[in-house]
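Chain by chain, the residues:
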Protein chains: 2
Amino acid sequence: MPARPQNVHQARLLRLLRDEGPRSRAELGDVVRLSRSKLAVELDRLVELGLVEGAGLAASRGGRRSGIVRLSPRLRFVAFDIGATSIDVAVTDGELEVLGHVGEQCDVRQGATVVLDRALDLLGKLRDEGLIPQVHGTGIGVPGPVSFRDGMPVVPPIMPGWDRFPVRDAIGQELGCPVLVDNDVNLMALGELHAGLARSVDDFLLVKIGTGIGCGIVVDGAIYRGVSGSAGDIGHIRVDDDGPICACGNAGCLEAFFGGAALARDAAAAASGESPQLAALLETHGELTAEHVGMAAAAGDPVAVRLIREGGRHVGQVLAGLVSFFNPGLVIIAGGVAGLGHALLAEIRSVVYRRSAPLATGNLPIVLSELAGTAGVVGGARLISDHVFSFTAA
Amino acid sequence: MPARPQNVHQARLLRLLRDEGPRSRAELGDVVRLSRSKLAVELDRLVELGLVEGAGLAASRGGRRSGIVRLSPRLRFVAFDIGATSIDVAVTDGELEVLGHVGEQCDVRQGATVVLDRALDLLGKLRDEGLIPQVHGTGIGVPGPVSFRDGMPVVPPIMPGWDRFPVRDAIGQELGCPVLVDNDVNLMALGELHAGLARSVDDFLLVKIGTGIGCGIVVDGAIYRGVSGSAGDIGHIRVDDDGPICACGNAGCLEAFFGGAALARDAAAAASGESPQLAALLETHGELTAEHVGMAAAAGDPVAVRLIREGGRHVGQVLAGLVSFFNPGLVIIAGGVAGLGHALLAEIRSVVYRRSAPLATGNLPIVLSELAGTAGVVGGARLISDHVFSFTAA
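Just so you know, the residues in each chain are numbered from 1, in the order the chain's sequence is written. Both sets of labels track the order of writing: A upward for chains, 1 upward for ligands. In view of the model being predicted, local features appear only for residues whose pLDDT reaches at least 70, and side-chain atom pairs are presented and counted only at 80 or more, with totals across whole chains, interfaces and linings using the full set of residues. Derived side-chain values reflect all non-hydrogen atoms in the structure, with water molecules and hydrogen atoms excluded from consideration.

Taking an unreviewed UniProt entry as the reference, chain A is identified by name as ROK family transcriptional regulator belonging to Actinomadura soli. UniProt positions are given in the numbering used here, feature names are shortened, and annotations may be inferred rather than shown by experiment. Looking at the Sequence similarities (unreviewed entry) heading of the UniProt record, one finds this comment for chain A: "Belongs to the ROK (NagC/XylR) family."

A. The packing of helix α1 (residues 8–20) of chain B against helix α3 (residues 36–48) of chain B, seen in detail. Residues and elements named next belong to chain B. Convention adopted: a line fitted to C-alpha atoms gives each axis, helices being fitted over their contacting stretch, and angles between N-to-C directions are expressed from 0 to 180 degrees. Runs of H or I in DSSP of at least four residues are treated as helices and runs of E of at least two as strands, each being numbered from the N terminus. At a minimum axis distance of 10 Å, the contact between α1 and α3 shows a crossing angle of 70 degrees. The orientation of α1 with respect to α3, classified from their angle, is roughly perpendicular. Seen from α1, the contacting residues are His 9, Gln 10, Leu 13 and Leu 14; seen from α3, they are Leu 39, Glu 42, Leu 43, Arg 45 and Leu 46. Side-chain classes follow a simple rule in which Ala, Val, Leu, Ile, Met, Phe, Trp, Tyr, Cys and Pro form the nonpolar group, Asp, Glu, Lys and Arg form the charged group, and the remainder, Gly included, forms the polar group. Considered class by class, the residues forming the contact of α1 with α3 number 5 nonpolar, 2 polar and 2 charged. Relative orientations are named as follows: roughly parallel for angles under 35 degrees, roughly antiparallel for angles over 145 degrees, roughly perpendicular for angles from 65 to 115 degrees, and oblique for any other angle. Here, two residues are considered to be in contact whenever any of their heavy atoms come within 4.5 Å of each other.

B. Representation of empty space enclosed by the protein in the model. Throughout, the protein atoms alone are placed on a 1 Å grid, and a set of points is a cavity if a 1.4 Å probe fits but cannot get out or a pocket if it is open with protein on both sides within 12 Å along at least five of seven lines; lining residues have an atom within 4 Å of a point. Grid points are joined across faces, edges and corners, and a volume is the space filled by probe spheres set on the points. All told, the structure shown has 2 cavities of 30 Å³ or more when counted by the stated rule. There is about 180 Å³ of room inside the largest cavity. In this structure, the largest cavity is lined by 14 residues; those nearest its centre are Ile237(A), Arg238(A), Val318(A), Ile237(B) and Arg238(B). When contributions to the lining of the largest cavity are tallied by element, the ones reaching two or more residues are α11 (302–326) of chain A together with α11 (302–326) of chain B. Taken together, the residues of the lining of the largest cavity sort by class into 8 nonpolar, 4 polar and 2 charged. Quantified by volume, the second largest cavity comes out at close to 30 Å³. Along the walls of the second largest cavity sit Ile237(A), Arg238(A), Gln317(B), Ala320(B), Gly321(B), Val351(B) and Arg355(B), which together make up its complete lining. Of all the secondary-structure elements, those providing two or more residues to the lining of the second largest cavity are α11 and α12 (342–355) of chain B. Ranked by the residues each element gives to the lining of the second largest cavity, the list is headed by α11(B), at 3 residues.

C. Highlighting the UniProt feature "transmembrane region" (unreviewed entry) in chain A. Listed under "transmembrane region" (unreviewed entry) in the UniProt record, and renumbered for this structure, are residues 325–345 of chain A. Secondary structure content for residues 325–345 of chain A is 29% helix and 19% strand, while the C-alpha to C-alpha distance between its ends is 21 Å.

D. Broad picture of unusual backbone geometry. All names here are of chain B. Positive phi values are uncommon outside glycine, yet Leu 96 reaches one of about 65 degrees. Mapped onto the fold, Leu 96 is located in the loop between β5 (86–92) and β6 (98–105). Burial status follows relative accessibility: with a 1.4 Å probe on protein chains alone, a residue under 20% of its type maximum counts as buried, one over 50% as exposed, and anything between as partly exposed. For Leu 96, a relative accessible area of 5% gives the class buried. With a phi angle near 50 degrees, Asn 327 is a residue other than glycine that sits in the positive phi range.

E. The packing of aromatic side chains, seen in detail. The pairing test for Phe, Tyr and Trp rings, Trp by its six-membered ring, is centres within 6.5 Å, and the orientation test on the planes gives stacked under 30 degrees, edge-to-face over 60, and tilted for anything in between. For the coordinates displayed, the defined rule picks out 7 aromatic pairs over all chains. Between Phe77(A) and Phe389(A), the ring centres sit 5.6 Å apart and the planes meet at 75 degrees, which makes this aromatic pair edge-to-face. Taken together, the residues Phe77(A) in strand β4 (residues 77–82) and Phe389(A) in the segment after α14 (375–388) connect sequence positions 312 residues apart. Across the pair, Phe389(A) and Phe77(A) agree in class, each one buried. Measuring from ring centre to ring centre gives 4.8 Å for Phe326(A) and Tyr224(B), while their planes differ by 15 degrees; the resulting arrangement is stacked. With Phe326(A) in helix α11 and Tyr224(B) in the loop between β13 (222–223) and α7 (254–257), the pair connects residues from two separate chains. Aromatic rings pair up to connect Tyr224(A), Phe325(A), Phe326(A), Tyr224(B), Phe325(B) and Phe326(B) into one cluster.

F. Representation of the relation of the copies chain A and chain B. Turning chain A through 180 degrees and shifting it by 0.0 Å along the axis lays it on chain B, with an RMSD of 0.0 Å. Read as a symmetry element, the transformation amounts to a two-fold axis. Most of the interface of chain A is mirrored in chain B: 100% of its interface residues are interface residues there too. The copies were overlaid by least squares, fitting only the C-alpha atoms of residues that reach a pLDDT of 70 or more in each copy.

G. Summary view of the interface of chain A and chain B. Counting residues at the interface gives 42 residues for chain A and 42 residues for chain B. Taken over both partners, the interface formed by chain A and chain B buries close to 3400 Å², and the fraction arising from carbon and sulfur atoms is 54%. Buried surface area refers to the total accessible area, computed with a probe of radius 1.4 Å, that the two partners give up upon joining, counted for both partners together. Per-residue buried area on chain A facing chain B is highest for Phe325(A), Arg355(A) and Leu359(A); these three make up 25% of the total on that side. Pairing of N or O atoms within 3.5 Å defines a polar contact, subject to two protein rules: one partner must be a possible hydrogen donor and the other a possible acceptor, and residues neighboring in sequence count only if both atoms are side-chain atoms. The tally of links between chain A and chain B comes to 20 residue pairs in polar contact (both at pLDDT 80 or more).

Here it is as structure tokens:
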């Protein structure tokens, strides 16, 4: 196994260098409140462990010039972001900068063995490019509920063949490094916390609107998972008893009204009737997705515009309640369907600002993610680096 | 100001003695991982500060008999639990046992000065009984949103005359002790955490159904307040767009459907029509409350039974969404209307177990509070004792 910090001071120094980049010994001393000699001991030990290295001298602050240190440029974290229909694999350096990122279409319903083999093949491509001298840790996201403690999916509805498959232990054995497994939406929230709009926010929500709808919850700068790891499972919150029947068997769930699957269903219905533009797109492409609805709306199709507005309203109705309950400092909307953009966002904002508790919305930004496809892999690297750069007494 | 601990070890020892009661020095040494000599130094210092005292010798564990220590029996915490129509004042010892508890009807709309003077008068009664040699801290709950940092209510809807009134500083000056102010529902949740059904639960929800409806959120054993202190404000979550108009101006809020106020309204309507039993109760008592609806239901009145069932269904619909989102380990139902008891509870459970994410309800107890009227004052004492028994470097 790769080297790990040996006490809390070393762990704190590693996380500082990860989040703030190279720093002089004098600057680090200001932050960590260690005596100069104790700081030197800890940094020397981190250099011996191969986790940190010297990087020249800083400009003088009046006295002797202080040495700059940085994370070893040989540190590598790996992230697998496994979606319902895609795999993304990335490798980052110690500061979580993405050095290489490959992805491909892949149906998660092929089961754990097939999909994880594909992910390892993709990692092999990055390795062949010489990007990975050693792997210090791997973070894995999957599109379903996860027992974080056990490192495995638990009764995941859209992942047949994955129930209680030991993803963490299997990949850990394969790669010889620490591995953590989490829900994909939690990883996106961690990605936003590390590199996105939530960098300075302690308590926030990330709502992912993809095929389904889920929510990542961050409390005090860390993922809140709930007592059985299912926190944020908002896709089946009731919007209206009179709504469409949901895949879960209940009527009127949020996902029965909106999300990629519901939007495709509604667009197909409109294509065979009221919307000639959607009908034309269906004929060209053989199927209709959220992206096509967005294209039709951009071209002025009133039916497509109405579908987006209604979707935004239903998301807003659920989100308004969660904002009243949770009083977050920020809400980020992400996922493929969020690509519908500002028409969707405007409707969500309108409902939340009107229906949530006034104190909770007084200063609440609701924004679209700006990380596009990288939130999941950055979040995976963040998850495992928080673990590797930590120290817990045995 | 009364004495406070001078380092984190002393703070930890005080909280241990508060929560676990008198302990031998040997037992404390097992828990806090201090050397015998260091432990002795810290305990001696706490004795000098008047916070701890010796209490005889423990049975032998094989060697020399170890001395028992306990919190000083002269420690006193005070709690004010200010409701919409009542004040409760209690005094506890250091272990948060209630030594005296007085209350009276009082309309919070009389404003901060009048109501706080009444609370101080009630405290005077307890003082006259000789129960309060000294006050080490006071916790105050009010029925509205609070800026916890500033120690004052902020735009509280049912508390005219209280907006930004400096409750913490005014009472602190009066009593010469540390004071903290919080929302009354948060105090009830802390009371359950300390002395109720949540004693061993880290993440739970307390739903208070009184005149209005609110929720206390406990994350990792501490109150979660949200970024502006309004977390748990669930009374205005939308149940149905076609519902009654709420006092807040929106239609179909939870409180417009249920809670003490809505139940009184619906009972009065039924009394003038379909329910002769409610009509008889109205004639006898001059008004109808949740208690009367409970009496009519117990006597078999089908209209009263229906009102309770419908109320439980609406609470359940909102709670089902929050359970999916938050995945708590326990839900406690409390407040005056919760006195309707098991008919209400059965309906809430039925909806939540049917409509929440299965992983979130797999092992989720939904129970009625067993603390009756004392949750708020015990929670107030817990809030301030957590503060007084803490140490933060300046």
